[in-house]
Amino acid sequence: MVIYDSTENQPINYWVIVNDGVMGGLSKGKPVLTSDNFLKFYGTISLENNGGFSLIRYRFDTIDGSKYTVLKLRVRGDGKRYQLRAKYNTNDRHSYIAYFITSGQWQTIEIPFNTMIPFLRGHKLNLPNFTGQRLAEVGVLIGNKKSEDFELLIERIVLE
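These numbers come from a predicted model, not from an experiment. (Residues numbered from 1 in each chain as written. Predicted model: local features only at pLDDT ≥ 70, side-chain atom pairs only at ≥ 80, totals over all residues. Heavy atoms only, no water.)

Draft legend 1. The arrangement of the overall build of the protein chain in detail. When helices and strands are counted, the protein chain shows zero helices and 13 strands. Here the C-alpha radius of gyration of the protein chain, 15 Å, is about what a compact globule of 160 residues would show, namely 15 Å. Put simply, the protein chain has 160 residues, and 48% of those count as buried. Expressed as a percentage of contacts within the protein chain between residues at least 6 apart in sequence, the contacts between residues at least 24 apart total 71%. Carbon together with sulfur atoms contributes 47% to the accessible area of the protein chain, which is approximately 8200 Å² in total. Between the mean site of the 20 positive side-chain charges and the mean site of the 16 negative ones, the protein chain shows a separation of 6 Å. (Helix = DSSP H or I, 4+ residues; strand = E, 2+ residues; numbered from the N terminus. Rg over C-alpha atoms; globule rule 2.2 N^0.38 Å. Buried < 20%, exposed > 50% of the residue type's maximum accessible area, 1.4 Å probe, protein only. Contact = heavy atoms within 4.5 Å. Areas by Shrake-Rupley, 256 points an atom, 1.4 Å probe, with all protein chains shown as cover. Lys, Arg positive; Asp, Glu negative; His and termini not counted. Charge placed at Lys NZ, Arg CZ, Asp CG, Glu CD.)

Draft legend 2. Quick look at the pairing of strand β6 (residues 70–76). Extensive coverage of β6 is indicated by the burial of five of its seven residues. As paired elements, β6 and strand β9 (residues 106–112) share seven bridges and run antiparallel to each other. In the sheet register, V70 faces β9, and the bridge partner there is P112. Judged from the six bridges that link them, β6 and strand β13 (residues 148–159) form a sheet pairing that is antiparallel. From the neighbouring strand, R76 faces β13, where its bridge partner is L153. (Pairing = 2+ DSSP bridges.)

Draft legend 3. Expanded view of the pattern of salt bridges. Taken as a whole, this structure holds eight salt bridges when the rule is applied. For the salt bridge of D5 with R156, the shortest nitrogen-to-oxygen distance reads 3.7 Å. Here R156 lies in strand β13 and D5 lies in strand β1 (residues 2–5), a separation of 151 residues in the sequence. For D5, a relative accessible area of 8% corresponds to the buried category. The class for R156 is partly exposed, based on a relative accessible area of 28%. Residue R59 pairs with E137 through a salt bridge whose shortest N-O separation is 2.6 Å. Within this pair, whereas R59 is found in strand β5 (residues 54–64), its partner E137 is found in strand β12 (residues 134–142), the two being separated by 78 residues in sequence. (Salt bridge = Lys/Arg side-chain N within 4 Å of Asp/Glu carboxyl O.)

Draft legend 4. Up close: the nonpolar core. Counting 35 residues, the largest nonpolar core has I3, L71, F100, M116, L135, V140 and I157 as its most contacted members. For this core, the element with the most residues is β13, which contributes five residues. (Core = buried A, V, L, I, M, F, W, Y, C linked by side-chain atoms within 4.5 Å.)

Draft legend 5. Main features of the environment of K146. For K146, the position within the fold is in the loop between β12 and β13. Residue classification places K146 among the partly exposed residues on the basis of a relative accessible area of 46%. K146 sits 22 residues away from K124 along the chain, and the two C-alpha atoms are 21 Å apart. Excluding residues that lie within four positions of it along the chain, K146 makes contacts with I45 and L47.

Draft legend 6. Region of interest: unusual backbone geometry. Its identity is not glycine, yet R121 carries a phi of approximately 50°, on the positive side. Residue placement: R121 occurs in the loop between β10 (117–120) and β11 (123–124). In this structure, K145 is a non-glycine residue whose phi angle is positive, near 60°. Within the secondary structure, K145 is located in the loop between β12 and β13.

By themselves these figures say nothing about function.
Below you can see the structure in the form of C-alpha cells.
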C-alpha cells in the first residue's frame, strides 16, 4: 500500500515541518519538490537555545495496516542518521520510532513495525512496540545532538 509516492504528483503542502523553534531552538528544516519530482527535506540543525532537531511529517486518513508488517522507504540521504516516526492517531503525543542511516546513494530502507519503539520527547515509554494496526502519520526527524546541515530525498513510502 502506497502512503506517499513523489512520482504521483502528490501536493507538498501535506508535508508539515516542525523545527525546534517550538522550544526556542534555531534549527531550520524545509521541504521542496525537486525538478526530478522528489521530496527534498533539507536544512541546518543548530544546538543553540537548547535546539537540535527538525521533523517533517505527513498526515493522512487513517489506514488499516493489519495486513502489513513493514514500513519501506525509498530515499537518498547524505550519510547521516535519521529517525522514522509513525503514529496510530494524529492526536497521539508519542510516536513510534526507528533509526536508519543513509548511504549517500539511493537505498530502500525496510523497517519492521515490531522494531519501532514508543517515545515521547526523547524518552522511551513503557508501551508495546508498534503493531501497525492503524496508521495516520509518518515522519522523518533528524536530531543527532550536533550542529549540521542535512539533505534527504524521499521518493516513496509504502506498507508491505
